[in-house]
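# Structural features, examined
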Amino acid sequence: MVRLRASLAVVSAVGLTATLALAHNPRGKVEADFAGKAVTVDYGRPSLNGRDMLSQITPGMVWRLGSENATTIVSEGSLMFGAEMIPAGSYSLFAEKTEDGWNLLVNSETGQSGLARDPEKDILSTPLRVEKAAESTEMFTITLMADGMNGAMKMHWGDMALVADLMVH
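It should be emphasised that the depicted structure is a prediction, and the values quoted were computed from it without experimental measurement. (Residues numbered from 1 in each chain as written. Predicted model: local features only at pLDDT ≥ 70, side-chain atom pairs only at ≥ 80, totals over all residues. Heavy atoms only, no water.)

### Details of the layout of surface pockets
Reported here for the largest pocket is a volume of approximately 310 Å³. A per-class count over the lining of the largest pocket returns eight nonpolar, seven polar and three charged. (1 Å grid on protein atoms, 1.4 Å probe; cavity = no way out; pocket = protein on both sides within 12 Å on 5 of 7 lines; lining within 4 Å. Points joined across faces, edges and corners; volume = space filled by probe spheres on them. Nonpolar A, V, L, I, M, F, W, Y, C, P; charged D, E, K, R; others polar.)

Here is the structure:
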């Protein structure tokens, strides 16, 4: 019986180690204060490793804006992307490649794998500005820039940046 328990403990430890090894990309977290209201984005940070990943995405494909678990945004105030406003709360973020650029998708479900998006729960879609970055970024990076209630969220990978203007009420 003792030998069986020891064997099970070893198998469990090996299984946990294998699971942790599969989650090889670090998580990133960025926070900003928009006129006294905190906004936080949590995301996976894949590396390019010599690849040009964003150029491989074709129109109609949805990217999870990072790796592994879905990227989440949490805001203490209502968020306004473009002309659309959503209430304060927690949301998952995705990007959809279009024929002429990219759209930011905000999804009401959180806590899911980045590959488990339910399109029925998309509550907002807004165009992103595509910018050529001054220098290439190996590891996917999201930044928040705040100036009072106004600001932007910038998603930078390789030599491309996707930018969403936002306002927090």
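### Brief notes about the confidence of the model for the protein
In the predicted model, the protein carries a mean pLDDT of 87, and the fraction of residues at 70 or more is 86%. Here residues 2–22 is modelled with pLDDT under 50, and outside its nearest four sequence neighbours on either side it reaches one contact, counting other chains as well. (pLDDT = per-residue confidence, 0-100. Contact = heavy atoms within 4.5 Å.)

### A short note on the pattern of salt bridges
The tally for this structure, following the rule as stated, stands at six salt bridges. In this structure, Lys132 and Asp159 form a salt bridge, with 2.6 Å as the shortest nitrogen-oxygen distance. Of this pair, Lys132 sits in strand E9 (residues 122–147) while Asp159 is found in strand E10 (residues 150–168), placing the two residues 27 residues apart along the sequence. Among the residues examined, Asp159 registers a relative accessible area of 38% and is labelled partly exposed. (Salt bridge = Lys/Arg side-chain N within 4 Å of Asp/Glu carboxyl O. Helix = DSSP H or I, 4+ residues; strand = E, 2+ residues; numbered from the N terminus. Buried < 20%, exposed > 50% of the residue type's maximum accessible area, 1.4 Å probe, protein only.)

### Section: the pairing of strand E1 (residues 27–34)
Only one face of E1 is covered, namely the one carrying Gly28, Val30, Ala32 and Phe34; the face carrying Arg27, Lys29, Glu31 and Asp33 has none of its residues buried. As paired elements, E1 and strand E2 (residues 37–44) share eight bridges and run antiparallel to each other. Its bridge partner being in E2, Gly28 is matched across the sheet by Tyr43. Here E1 folds back onto E2 in antiparallel fashion, the turn holding two residues, of which Ala35 has a positive phi close to 50°. (Pairing = 2+ DSSP bridges.)

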